[in-house]
Structure formats: C-alpha cells, structure tokens
Amino acid sequence: MSSGTPTHCPYCALQCGMVVGRDLATGGGQVRVAPRSDVPAGAGGLCQKGWTAADLLTTADRLTTPLMRVHAGAPLEPCTWDAALDRIAAEIERLRAAYGPDAVAVFGGGGLTNEKAYQLGKFARVGLRTANIDYNGRFCMSSAAAALNRAFGMDRGLPMPITDLETADAILLVGGNVAETMPPFMRHLAAQRAGGGQLIVIDPRTTPTARRADLHLRPTPGTDLALANGLLHIAVNEGLIDETYIAARTRGFDAVRTAVNSYWPGRVERITGVPVPQLRRAVWLLAGETGETRGRSGDHTALVLTARGAEQHADGTDTVTAYINLALALGLPGLPGSGYGCLTGQGNGQGGREHGQKADQLPGYRKIDDPVARAHVAAVWDVEPAAIPGPGRSAYELLVSLGTRDGPKALLLFGSNPVVSAPHAAAVEERLDALEFLVVADFVPSETALRADVVLPTTQWAEESGTITNLEGRVLRRERAVPPPPGVRGDLAVLAALAGRLNAPGTWSGEPAEVFDELRRASAGGLADYSGITYERIAAEGGVFWPCPGEGHPGTPRPFLERFATPDGRARFTPVEHRGAVEDVCADYPLYLTTGRVLAHYQSGAQTRRVDQLNKAAPEPYVELHPDVAERLGIAAGALVRVTSRRGSALVRARPTDAIRPDTVFVPFHWAGTGRANLLTNPALDPLSRMPEFKVCAVRLEAV
Ligand code: SF4
C-alpha cells in the first residue's frame, strides 16, 4: 500500500489510528489498512480486529438497498429510498396521531460518530417530539458515568492522556481484560512495568491481562464493592491515606471513614474470597508504602482504573464510587501522573454519551431537566424550550416497554443490535415483535435488522467522515477513505430526509461538517464543551481534548489539576455499602455466571462475525468452567452444555480451564441464536445509572 487516508479503527474506544488505502500490489487494488504511529492511544499498534477491518467493506451480505415488508409476516423486499422514507414518515404520523408523540421511540449506539449521536438526539426531540430515546451505551458506561459525575462533577472516562499510565508507579485495574478487548493498550502497561511500575488486576478470571500483573486478586463475582471498601479500611488503619489532600481537595470523608470501618480484612476475605495478605499487598503497592515511610511519598504516582467488570452490576455506580473513594483517600485524582479513570468500551462510547442520545441529556452533557440547558439548546435548534420533551426511559426499560399499552408502538434503531446485546434477550425479542413498526438502519442484516419492517442501508466507518471521542476524551477525525456502494446513504442524510418529510422545524443537514458546527454551538458552555474544536484543529493537532471552550483554547488533557468540576471545586466522597449480586447461587442455580468479550470479536459480533479470519479464530460461543466442575458434572472438553438461568438456557461448548474460579463460569456474549449469553443475563438495574447486571447471575450447567 503506497498511500492512503488516515483515520481510525471502527471498533473499540482505544480508536487506534490506521491508514486505509488500496493495495497496489494486488491486482484488484484491494482496500487494506495499516497502523499509524502518530496516534498515542494505539501506540502504533492494531489488534486482529483492526487489522482485518477492511474486510467489513466487502462483506458478502452488505446491505445496498432499502428493504421493506408490505405487511407483517411478509418477507423483506428491496424498495426505493423514497418508498422506504415515505413509509416511515407515514407510519410515524399515523402512530403519533393515534397515541401521541411518545409512541415513537429511538434507540442509538455508542459506535455512532458525535455528529450522528447529536443529530439522532435532535431528531428525537425536534423531529419526533418524543421523550423516548436512549442508546446501547447505557449497557456500557452508565455506571461509571453516574459515579464520575457524583464524585468529580464531570464524566470524562480518563481525565488524563493515556500515556500517563506509562509513568505510574502503580496501577490498579478493576474488571478490565484489556489484553483481549483492546490489545494495544497493553503497550502502555508494558512500558509502565518496564519502568518499574507495579500492576494489580482485580478479576474473578485469570485473564491474559491478569497473567501479566504483579498481583492478581480473584474476588467472587458481585463483591468488587466490598473489596474496595476493604482496601480503604486497610489504608485508613495502616496510616496510608493522604490527610492533607483529603482536607484540601475533597468533601465527605468522615462518612466514608465510618462506613468502611466495618470492612475489616477478615470479613472482606470472607465476602470476596481474596486472602488478607493479598488485600494488604494491593493497598501497600497502590499507596507506595515502602515500610520506611507511611503514606504516599511526594513523587509516587498511582492510578485506579475500572472497567465493565466493576460497572455492569445493579450496584455498579456504588462499586465505581467505592474505588473512587479509595483513589481520593490515597490522594490520587487530579495530581499529575496519578488519578482515577474508567476505561470506555465502545468506539465512540465517550462522545456518544455527551451529545444527547441519552434519555436524560442534551448536547454538551447538559441535563434535559435543567431550564438553562433547555433554553440554550432550544435556541440552537430554533424551537421553544417547552417544545423539548423531558427525560425518557432508560435503554432496558425502553426496550421492554415496546408494544405495551403505555409504551412506544414504533422504534427507529441506529447502530445497535439489542437482540444479541440486551440483557434477558428473549424478553427484548418479544417486545420488538410486539411493535407495530420497526425501522433499523445498519450496513449489515443484523439479527435485529432481520426483524424490522423497514431496513435502511447505511454507510460504515471508512465510507464516512465525522468525529469520535476516544477513551481519553480526545476528539478525533474519522475520514472517508473509500466511496460507499451505490444505493447506500449516511445516517445524517437519512435523519435529514426524515426530518424534512415530518416538517420538523430548524435546519437539517446530511453533511458531517455542518452538523459538527451546530454541535459546537449546542455544546458551548456545557460540561462537554466542543465549541473551540474544529475539523482543521483536530487534523493539525492530532486530536483535541474537551472541554475546549474557544478556538484559542488549547483543550484540556487533565481537567482536574486545579479543581474538580463540582460547584466548590472539591471532589465528593460518598459512603457505599456492599449489597452483593441480586441473584445469589442456590441449590437450583449453584454457579455464578459472568460474561464478557474475547480477542477476536466486538460487542454483538454483527461486524466481526462477518470477517472470515475472526470467525475462524473464534467460531462459536463457549462456557469456561473449572476442571473440577466439569468432572463433577461429567462434562468433557468440547461437549455441548446447556447453561440455564432463571430467564432461559443457552447451548454452548464446554471449555474447562483452571483460569476460572470453581464457583464461577464465563460465557462470552458475541454470538446470536441459541448460544446467546444474554438469554441468561439478569436485567436487574442499578438505581442511579439504570445499568443492567450483565456481570453476574446464578446458573446451572448440564451436559446435553
Ligand atoms: Fe485498536 Fe480497539 Fe481497533 Fe483493536 S479494536 S485495533 S484495540 S481500536
């Protein structure tokens, strides 16, 4: 490949840089990708998902024409764009007239560009006048977001450049298997360890990430919060906390000190299964305790990082809060080289939660029930503030309300595949089928698209321009590298065309640059202020960190150095208590199930299952179980196993391994059909974030 277009990987939030171009060495000039060395997050690397991303462009079942059913039960048939858009507009008008504007719902995705997420939120509120919009990022980052907002007044996953990890003396990584989910991330951890840094991993499985750690704690699923409180108890009792920092930069520590009093090491060992010496060693490493000095010495740097393993629980917000409490007590957040961060998962998981596709949110991370925010955004949208609906249902609550008496009767879905990715997936399928009208915009016939009444064929990553915001909060450019196939349209153009048919007020553009300019104005003055970010600056500077409140502003790589984003500038401690998994194990369901990702696949697998190399690497779902459990149940390696929870059963292949605790099994969630992990998962919701409890439920196993 002699040259190409610089852009970024279509998948995860690391957003590794890649060049996309035609391989002149091959006769047909096939599209190829190569890594870029000028994108710090990816550190010049790509994982196998990134290396094979060009195969997505030529996937055999690529959608290139709109599809429509003439009536329920009829097959999906090709139709023209006008016919598809006219039908959608007519159904929306019909249902709104019959049931009111909330009868039409919208569901977005954390992979959509900032421009799409923004326009989707605007379309829901202005084009449809519905409160019912949410997105699959609710299943990914919402607990972290709620905890970050509560403690720091701002939800930026990593409030520091990722390269800060490389100089940290200690890193505590909770519930993240980056060696498989985002392998180039390991380069930063390898640099940290090469410089003498210590890595502590908390995970019930001995993952490839945990294997590289200096210390691995393996708690029982659902006990991460108790573990954090136990670590803080030790830090308090052994004089490792930073009283000066606590007094100067925080509020509320006394209540937390009292709350963690009852998490003495022996009790925490009983709850979590982590031996007391490991608990003490973790705290000492994190605090930089040498045995000679008490508490963190001035130049010791440390980071606490959480990911989905800690967050995807019905107490996920409190669990993240418990780790923030630990980091604050040790005096880490807001100091150069130290801090607290959450690792975002989806490609635009960070930007996708800032610009209005969330049920309770307006662009710029504004709250939809804040009168000042409503007035600002209404002025940009050219509507009255009162015309903007209030907060709607959260993702799972929205999905299970579909087709019910008081729920939406139609759903427009962009960039998501909830038939595979939503918890208690069978219930969600049932609700999708109860809708009067389902529209799915996608570039492949996902499992959800195949249930739709109208399917709209849209562009994918290398065929479109826009911006994405990576896990560092750095706004990056996605560049169009190849033309889309004839017949395919961008999501922005689709939304603009529908807004026109619905006589929506304001201006609507299909051009990313024009939409981004409007997004900049809508975000101005908000927490996630993009008003100073331009496409030109991103290209010239290799990305710009938000907040960036003016074109002369340099952007904000480390937003908490001087003060936190709370009214008084101080971070907030919040006391939290261990509650445990909503479903505990019992005689009928004696094992904990935890779910997650594998190296070769991404999210619902709608994309990666279509890439030959990835499919060969990981062709089918499986269950990891301890060899003792396999022997006790008479399950041989490779045998078909029925995994059953209170919600249903999944059929998967047995994979015995001592990398998992004997009380726990693991099923990855990338596959459709009878092997779906989400047929089993518990939709119990976190009271604040409305995050479902993906990471733990009770199951039993049977050889089939
Ligand atoms: Fe990088 Fe993530 Fe893409 Fe892999 S999937 S190449 S880690 S952005």
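The structure displayed is predicted, hence computed values, not measured ones.

Trainee: How would you summarise the overall build of the protein if you had to cite specific residues and measurements?
Mentor: When its secondary structure is counted, the protein shows 23 helices and 30 strands. At 24 Å, the protein has a C-alpha radius of gyration in line with the 27 Å of a compact globule built from 704 residues. Along the first, second and third principal axes, the C-alpha set of the protein runs to 75 × 65 × 60 Å. Across the protein, contacts joining residues at least 24 apart in sequence account for 72% of those joining residues at least 6 apart. Of the roughly 23000 Å² of accessible surface on the protein, a fraction of 51% belongs to carbon and sulfur atoms. One finds the centroid of the 71 positive side-chain charges in the protein at a distance of 1 Å from the centroid of its 75 negative side-chain charges.

Trainee: Provide a residue-level description of the site of the ligand, including the pertinent values.
Mentor: Around the ligand, the neighbouring residues are Cys9, Tyr11, Cys12, Leu14, Gln15, Cys16, Leu46, Cys47, Lys49, Gly50, Met182 and Pro184. In this structure, the ligand is accommodated by the second largest cavity. For the shell around the ligand, the per-class residue count stands at nine nonpolar, two polar and one charged.

Trainee: Report on the pattern of salt bridges, specifying residues and quantitative values.
Mentor: Counted according to the given criterion, the structure contains 41 salt bridges. With a closest N to O distance of 2.7 Å, Asp86 and Arg501 form a salt bridge. Highlighted residues: Asp86 in helix H2 (residues 81-99) and Arg501 in helix H19 (residues 491-501), separated in sequence by 415 residues. Since its relative accessible area comes to 41%, Asp86 is described here as partly exposed. Taken together, the shared-partner salt bridges connect Arg87, Glu91, Arg94 and Glu436 into one network.

Trainee: Report on the pairing of strand S8 (residues 170-174), specifying residues and quantitative values.
Mentor: Counting buried positions along S8 gives five out of five residues, so the element sits mostly inside the fold. Taking every second residue as pointing to the same face, both faces of S8 are buried, with Ala170, Leu172 and Val174 on one and Ile171 and Leu173 on the other. Pairing between S8 and strand S12 (residues 302-306): five bridges, direction parallel. Paired with Leu172 across the two strands is Val304, which belongs to S12.

Trainee: Kindly report on the sheet that holds strand S6 (residues 104-108), identifying the contributing residues and their values.
Mentor: Spatially, the seven strands line up as an open sheet ordered S5-S4-S18-S17-S16-S6-S7, and their pairing is mixed. Only two strands of the sheet have a single neighbouring strand rather than two, namely strand S5 (77-78) and strand S7 (133-135). Of the pairings in the sheet, the one linking strand S4 (residues 67-68) to strand S18 (residues 454-457) comprises two bridges and is antiparallel in character. The partner of Leu67 across the bridge, within S18, is Val455. Across the face of the sheet, H2 comes into contact with S4, S6, strand S16 (410-414), strand S17 (437-442) and S18 while running at roughly 135 degrees to S18.

Trainee: Can you tell me about the packing of aromatic side chains, naming the residues and giving the values?
Mentor: Within this structure, the stated rule accounts for eleven aromatic pairs. Geometrically, the ring pair formed by Phe152 and Phe564 is stacked, given 5.3 Å between the ring centres and 25 degrees between the ring planes. Remark: Phe564 occurs in the loop between strand S21 (544-545) and strand S22 (571-572) and Phe152 occurs in helix H4 (residues 142-152); sequence separation between them is 412 residues. By relative accessible area, which is 1% here, Phe152 ends up buried. Looking at Phe564, the relative accessible area reads 1%, which means it is buried. Above the face of the Phe666 ring, Arg205 is positioned so that its terminal group lies 3.5 Å from the ring centre. Taking NZ or CZ as reference, Arg267 lies 4.6 Å from the ring centre of Tyr263, over its face.

Trainee: Could you give me a rundown of H4, with the residues and numbers involved?
Mentor: Most of H4 sits out of view: eight of its eleven residues are buried. Residues of H4 that are buried: Ser142, Ser143, Ala144, Ala145, Ala147, Leu148, Ala151 and Phe152. Backbone geometry just after H4 places Gly153 at a positive phi near 75 degrees.

Trainee: How would you explain the nonpolar core if you had to name every residue and give the values?
Mentor: Among the nonpolar cores identified, the biggest contains 120 residues, and Phe152, Leu172, Tyr323 and Tyr340 are the most heavily contacted of them. For this core, the element with the most residues is helix H8 (residues 224-237), which contributes nine residues. Residues lining this core come from more than one domain, with at least three contributed by each of domain 2 (67-140 + 348-545) and domain 3 (142-343). Apart from the residues within four sequence positions on either side, Tyr323 is in contact with Leu172, Val174, Ile202, Asp224, Leu227, Ala228, Val304, Thr306 and Tyr340. One finds Leu14, Leu614, Ala618 and Phe666 within the second-largest nonpolar core, a separate group that totals 53 residues.

Trainee: Requested: an account of empty space enclosed by the protein, with residues and values cited.
Mentor: Enumeration according to the criterion identifies three cavities of 30 Å³ or more in this entry. Size it by volume and the second largest cavity reaches roughly 80 Å³. As for the second largest cavity, its lining consists of 13 residues, of which Cys9, Cys12, Cys16, Cys47 and Gly50 are closest to the centre. A breakdown of the residues in the lining of the second largest cavity according to their chemical character gives nine nonpolar, three polar and one charged.

Trainee: So what's going on with unusual backbone geometry? Residues and values would help.
Mentor: Omega for the peptide link from Trp546 to Pro547 comes to -5 degrees, which places this bond in the cis form. Mapping Pro547 onto the fold places it in the loop between S21 and S22. In this structure, Tyr365 is a non-glycine residue whose phi angle is positive, near 60 degrees. Locating Tyr365 in the fold gives a position in the loop between strand S14 (361-362) and strand S15 (366-367). Using a relative accessible area of 9% as the deciding quantity, one classes Tyr365 as buried. Located in the positive-phi region is His424, a residue other than glycine, with phi close to 45 degrees. Following the sequence through the fold, His424 ends up in the loop between helix H17 (418-421) and helix H18 (425-434).

Reading guide: rules and limits
Residues numbered from 1 in each chain as written. Predicted model: local features only at pLDDT ≥ 70, side-chain atom pairs only at ≥ 80, totals over all residues. Heavy atoms only, no water. Helix = DSSP H or I, 4+ residues; strand = E, 2+ residues; numbered from the N terminus. Rg over C-alpha atoms; globule rule 2.2 N^0.38 Å. Contact = heavy atoms within 4.5 Å. Areas by Shrake-Rupley, 256 points an atom, 1.4 Å probe, with all protein chains shown as cover. Lys, Arg positive; Asp, Glu negative; His and termini not counted. Charge placed at Lys NZ, Arg CZ, Asp CG, Glu CD. Near = heavy atom within 4 Å. 1 Å grid on protein atoms, 1.4 Å probe; cavity = no way out; pocket = protein on both sides within 12 Å on 5 of 7 lines; lining within 4 Å. Sits in = over half its atoms within 2 Å of the grid points. Nonpolar A, V, L, I, M, F, W, Y, C, P; charged D, E, K, R; others polar. Salt bridge = Lys/Arg side-chain N within 4 Å of Asp/Glu carboxyl O. Buried < 20%, exposed > 50% of the residue type's maximum accessible area, 1.4 Å probe, protein only. Pairing = 2+ DSSP bridges. Axes fitted to C-alpha atoms, helices over the stretch in contact; angles between N-to-C directions. Phe/Tyr/Trp six-rings, centres within 6.5 Å; stacked < 30°, edge-to-face > 60°. Lys NZ or Arg CZ within 6 Å of the ring centre and 35° of its normal. Core = buried A, V, L, I, M, F, W, Y, C linked by side-chain atoms within 4.5 Å. Domains from an automatic or database assignment. Points joined across faces, edges and corners; volume = space filled by probe spheres on them.

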